[in-house]
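Overview (structure and organization)
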Amino acid sequence: GNYISYTCSILEAVLLSYFPSFKLPSDSFKYLTWHELEEHDVQGSQIRCPRVREGPSEEVRFFRGEHHTLCARRPVTEKEKWERRLQEDWENCASLNLSYQDLGDLYQVENCKRILRRLIRVETLWLIDNSLTELSAICLCKELKLCKNHFTSFKQLPKIPAIKYLSLDENNIETLDGLSALRHSPLESLVLQRNPCEFLEDYRQL
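Residues numbered from 1 in each chain as written. Predicted model: local features only at pLDDT ≥ 70, side-chain atom pairs only at ≥ 80, totals over all residues. Heavy atoms only, no water.

The name given to the protein in an unreviewed UniProt entry is TILB protein, and the organism recorded there is Varanus komodoensis.

Quick look at the sheet that holds strand β4 (residues 165-167)
The strand order across the open sheet formed by 5 strands is β1-β2-β3-β4-β5, and the pairing between neighbours is parallel. Two strands bound the open sheet, and with one partner strand each, they are β1 (95-97) and β5 (189-191). Strand-to-strand twist in this sheet, taken as the mean axis angle between neighbours without regard to direction, amounts to 0°. Judged from the 3 bridges that link them, β1 and strand β2 (residues 124-126) form a sheet pairing that is parallel. Bridging from a neighbouring strand, L96 pairs with L125 of β2. (Pairing = 2+ DSSP bridges. Helix = DSSP H or I, 4+ residues; strand = E, 2+ residues; numbered from the N terminus. Axes fitted to C-alpha atoms, helices over the stretch in contact; angles between N-to-C directions.)

Describing the environment of R117
Structurally, R117 can be placed in the loop between α4 (106-116) and β2. On the accessibility criterion, R117 (51% relative accessible area) is exposed. A C-alpha to C-alpha distance of 9.1 Å links R117 and W90, two positions 27 residues apart in sequence. (Buried < 20%, exposed > 50% of the residue type's maximum accessible area, 1.4 Å probe, protein only.)

Topic: the nonpolar core
Formed by 33 residues in total, the largest nonpolar core has its most connected members in L125, L146, F154, L166 and L168. For this core, the element with the most residues is α4, which contributes 4 residues. If sequence neighbours within four positions are ignored, L146 has contacts with L127, L135, F151, L157, L166, S167, L168 and N171. (Core = buried A, V, L, I, M, F, W, Y, C linked by side-chain atoms within 4.5 Å. Contact = heavy atoms within 4.5 Å.)

Spelled out as structure tokens, the structure:
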């Protein structure tokens, strides 16, 4: 999960400060997603907090001197593409945490949106701190956490008629325009802490 990757990154940083040439045994796998590893049949719907962001291109890694992360790749057949899609199994996820994916590049954002479009049964979804500016691929969520992103308006949210718990704290929402779209949903909790709209007079009653 992301927590393990984060812990390993800290450990590696500490070791590198003392031993500049040190590499953890797992370092050659740091840009792989779980379904690119061999000899396992773990599906996406079985993982609580998977790493889905793609790593940099092989050309970028080569120029960074990360030759240990490069491997000879043969062309992927259509059958293998289909098998990978089945292994991802996003269509059967009911609860998923895709937070802290470090979506700093456009290709990473597009890959994340590709996955979101397949989450047709997800009811609980966390997308914390992903630099998202809009979301249009989800509709059945009951709980949606979008804290620490770059949303500026409710109009950038998808249609979520079943939403009960919506967290938008630490975004940049200045007005409550578009909030009316949520009035016919069973919304029980809306968190807007640390948004500019907190300074609106009587904003809690709007």
